[in-house]
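Results of the structural survey
So you can see what is in the structure, the chains are spelled out below.
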Amino acid sequence: MREQTILFDINETVLNLASLKPKFNAVFGDESYTATWFSMLLHSSTVCLVTGVKTDFASLAKIALDALAAKQKLLLSEKEGNDILATFANLAPHADIQAALTKLRKAGFRLVALSNSSQALLTTQILNAGLTSYFDELISVEAAGTFKPSANAYAFASKQLETTADTLRLVAAHDWDTHGALSAGLKAAYIDRTGAPYNPLFLKPDVIGSTMNEIAEQIISMHKI
């Protein structure tokens, strides 16, 4: 069955983490700690879903930030921490997002944001990025008590959208996310935002591109076949 709905991962896929780099540079002395912090955040969310720890993405973001500061033997002030976390809620979209989303909407696809961010954070992120009108729905896995790439996260999205997994395609900049979606019966598309090789142990999607426009064109082309 052809997909009718496209799910978009938000952090890094749609929203650019670049605005966090000056913040991390100012506090940690190196902007590369932005990626370290985000990796720690994703790692802790995966541990929580596997072991059944109930929490939310915003709490994990703060815990990861505090842990990173401690590892670097830095005394992170409340103001500095709040400033970084507030920036996470105010990320700008990647330059290729709006045009690609417009193209997909014109082609008749339903576009849905699917994120590990809490519903409140996700709504704020999309609003502050000026993307509210581009998405038909915003879905946080928070209500399901899990995080991607749990199969329950994708099943929750299917249930919320009142459709089946085979009508959904997830677009993500993370191979663990596309692998998770494919494992759960969805289709997927991988956008290469970093140049890192796709994990050869993971299921590989049939749509891969380096820009969101490339992703959109491939999806639209395949839909016409």
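Scroll up for the structure.
Residues numbered from 1 in each chain as written. Predicted model: local features only at pLDDT ≥ 70, side-chain atom pairs only at ≥ 80, totals over all residues. Heavy atoms only, no water.

Some remarks on the overall build of the chain
Rules: Each helix is a run of H or I in the DSSP string that is no shorter than four residues. Each strand is a run of E no shorter than two, and both are numbered from the N terminus. Using C-alpha atoms as the atom set, the radius of gyration is obtained and then compared with a globule rule of 2.2 Å times the number of residues to the power 0.38. Here the term buried applies to any residue with accessible area under 20% of the maximum for its type, exposed to any over 50%, and partly exposed to those in between, with areas from a 1.4 Å probe on protein chains only. Residue contacts are defined here by distance: any two heavy atoms, one from each residue, within 4.5 Å place the two residues in contact.
Helix and strand content of the chain: nine helices and six strands. Whereas a compact globule of 225 residues would reach a radius of gyration of roughly 17 Å, the chain reaches 17 Å, a difference of no more than 12%. Projected onto its principal axes, the C-alpha coordinates of the chain cover approximately 55 × 35 × 35 Å. Within the chain, the proportion of its 225 residues that are buried is 46%. Residue pairs in contact within the chain that sit at least 24 positions apart in sequence constitute 65% of those at least 6 positions apart.

Some remarks on the pattern of salt bridges
The criterion, for reference: Whenever Lys or Arg places a side-chain nitrogen within 4 Å of a carboxyl oxygen from Asp or Glu, that contact is recorded as a salt bridge.
Within this structure, the stated rule accounts for nine salt bridges. Between Asp136 and Arg105 there is a salt bridge whose closest N-O contact spans 3.4 Å. On the criterion of sequence distance, the pair formed by Asp136 in the loop between α6 (119-128) and β3 (137-140) and Arg105 in helix α5 (residues 97-106) is long-range, its members being 31 residues apart. Assessed through its relative accessible area of 33%, Arg105 is described here as partly exposed. Residues participating in the shared-partner salt-bridge network are Asp9, Lys148 and Asp177.

A closer look at the packing of aromatic side chains
Our working rule: Classification of ring pairs rests on two measures: the distance between centres of Phe, Tyr or Trp rings, Trp counted by its six-membered ring, which must be within 6.5 Å, and the angle between planes, read as stacked under 30 degrees, edge-to-face over 60 and tilted in between.
Per the stated rule, a full pass over the model turns up nine aromatic pairs. Between the aromatic rings of Phe8 and Phe135, the centroid separation amounts to 6.0 Å while the plane-to-plane angle is 70 degrees, which identifies the pairing as edge-to-face. Taken together, the positions of Phe8 in strand β1 (residues 5-8) and Phe135 in the loop between α6 and β3 put the pair 127 residues apart, joining distant regions of the chain. Phe8 gets classed as buried once you look at its relative accessible area, which sits at 0%. Centre to centre, the rings of Trp37 and Phe88 are 5.4 Å apart; their planes meet at 90 degrees, and the pair counts as edge-to-face. With Trp37 in helix α2 (residues 33-51) and Phe88 in helix α4 (residues 78-88), the pair connects residues that are 51 residues apart, well separated along the chain. One aromatic cluster is present, formed by Phe24, Phe28, Tyr33, Trp37, Phe38 and Phe88 through successive ring pairs.

What is shown is where atoms sit, not what they do.
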